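The residues making up each chain are set out below.
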Amino acid sequence: QVQVVESGGGLVQAGGSLKLSCAASGTIFPRAAMHWYHLAPGKPRELVALITSDFHGVYADSAKGRFTISRDNSRNTGYLQMNSLKSEDTGVYYCFIVVGSPGYWGQGTQVTVSS
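Counting of residues starts from 1 at the beginning of each chain's written sequence and follows it residue by residue. Totals for whole chains, interfaces and linings use every residue, but because this is a predicted model, local features are given only for residues with pLDDT of at least 70 and side-chain atom pairs only at 80 or more, for both listing and counting. The side-chain numbers reported here are obtained from all heavy atoms of the structure, hydrogens and water having been left aside.

S.K.: Give me the packing of aromatic side chains: which residues, what numbers.
M.R.: In this analysis, rings of Phe, Tyr and Trp, with Trp reduced to its six-membered ring, are considered paired at centre separations within 6.5 Å, and the interplanar angle assigns stacked below 30 degrees, edge-to-face beyond 60, and tilted for intermediate values. Under the definition given, this model contains 3 aromatic pairs. When the ring of Tyr94 is compared with that of Trp105, the centres are 6.4 Å apart and the planes differ by 85°; the resulting orientation is edge-to-face. Here Trp105 lies in strand β10 (residues 104–105) and Tyr94 lies in strand β9 (residues 91–98), a separation of 11 residues in the sequence. By relative accessible area, Tyr94 is classed as buried at 15%. The rule is simple: take the accessible area with a 1.4 Å probe, protein chains only, and divide by the maximum for that residue type; under 20% is buried, over 50% is exposed, in between is partly exposed. With relative accessibility at 36%, the residue Trp105 sits in the partly exposed group. One aromatic cluster is present, built from ring pairs that chain together Tyr37, Tyr94, Phe96 and Trp105. Whether a charge sits over a ring depends on NZ of Lys or CZ of Arg being within 6 Å of the ring centre and within 35 degrees of the ring normal. Above the ring of Tyr94, the side-chain terminus of Arg45 is found at 5.1 Å from the ring centroid. Above the face of the Phe55 ring, Arg71 is positioned so that its terminal group lies 5.8 Å from the ring centre. Helix and strand labels come from DSSP, where a helix needs a run of H or I of at least four residues and a strand needs a run of E of at least two; each type is numbered from the N terminus.

S.K.: Which residues make up the side chain of His35, and what values do they have?
M.R.: Along the chain, the position of His35 falls in strand β4 (residues 33–39). A contact between two residues is defined here by any heavy atoms of the two lying within 4.5 Å. Discounting residues that sit within four places of it in the chain, His35 has contacts with Leu47, Ala49, Leu50, Tyr94, Cys95, Phe96 and Val98.

S.K.: Any details on unusual backbone geometry? Residues and values, ideally.
M.R.: The omega torsion across Ser101 and Pro102 is 0°, close enough to zero to call that bond cis. Within the element layout of this structure, Pro102 appears in the loop between β9 and β10. Phi at Asn76 takes a positive value of approximately 50°, unusual for a residue other than glycine. For Asn76, the location among the structural elements is in the loop between β7 (67–72) and β8 (77–82). According to the relative accessible area criterion, Asn76 is buried, its value standing at 18%.

S.K.: Give me the lowdown on the pairing of β9, citing residues and values where you can.
M.R.: In terms of residue burial, β9 counts as a mostly covered element, since 8 of its 8 residues are buried. When DSSP finds at least two bridges between two strands, those strands are taken to pair. Both β4 and β9 contribute to a ladder of 7 bridges, which runs antiparallel. Looking at β9, one finds that Met34 is bridged to Ile97. In the sheet, β9 pairs with strand β11 (residues 109–114) via 3 bridges, with the strands oriented antiparallel. Among the inter-strand pairings, Tyr93 is bridged to a residue of β11, identified as Thr109. For β9 and β10, the ladder comprises 2 bridges, and the chain directions are antiparallel. The residue bridging Ile97 from the neighbouring strand is Tyr104, located in β10. The loop that links β9 with its antiparallel partner β10 comprises 5 residues; one of these, Gly100, has a positive phi angle of about 70°.

Quick look at the structure:
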């Protein structure tokens, strides 16, 4: 069983930055795609960004130009650098690691952006 643990969330003022981390146990991380999802209060969970095993990043429109996804396979860890944060970025951020099916979710990390 793969364990996925997010960290780096917290309280930040609008316009500020946070860097989220996603650490995965085991050996699948270098072969896996890593996704970051955002669950805002009262809204469905939405994909923010993903990075493939060959380091190709894809972003939701809301994240383009502000967020950067990256990975360090030597550390089995991925990252989401979030800049220019807005109040609507508030919510829980989940990491999802997937190689085929079914994939593995973390427990989430809370991000709160104060205006």
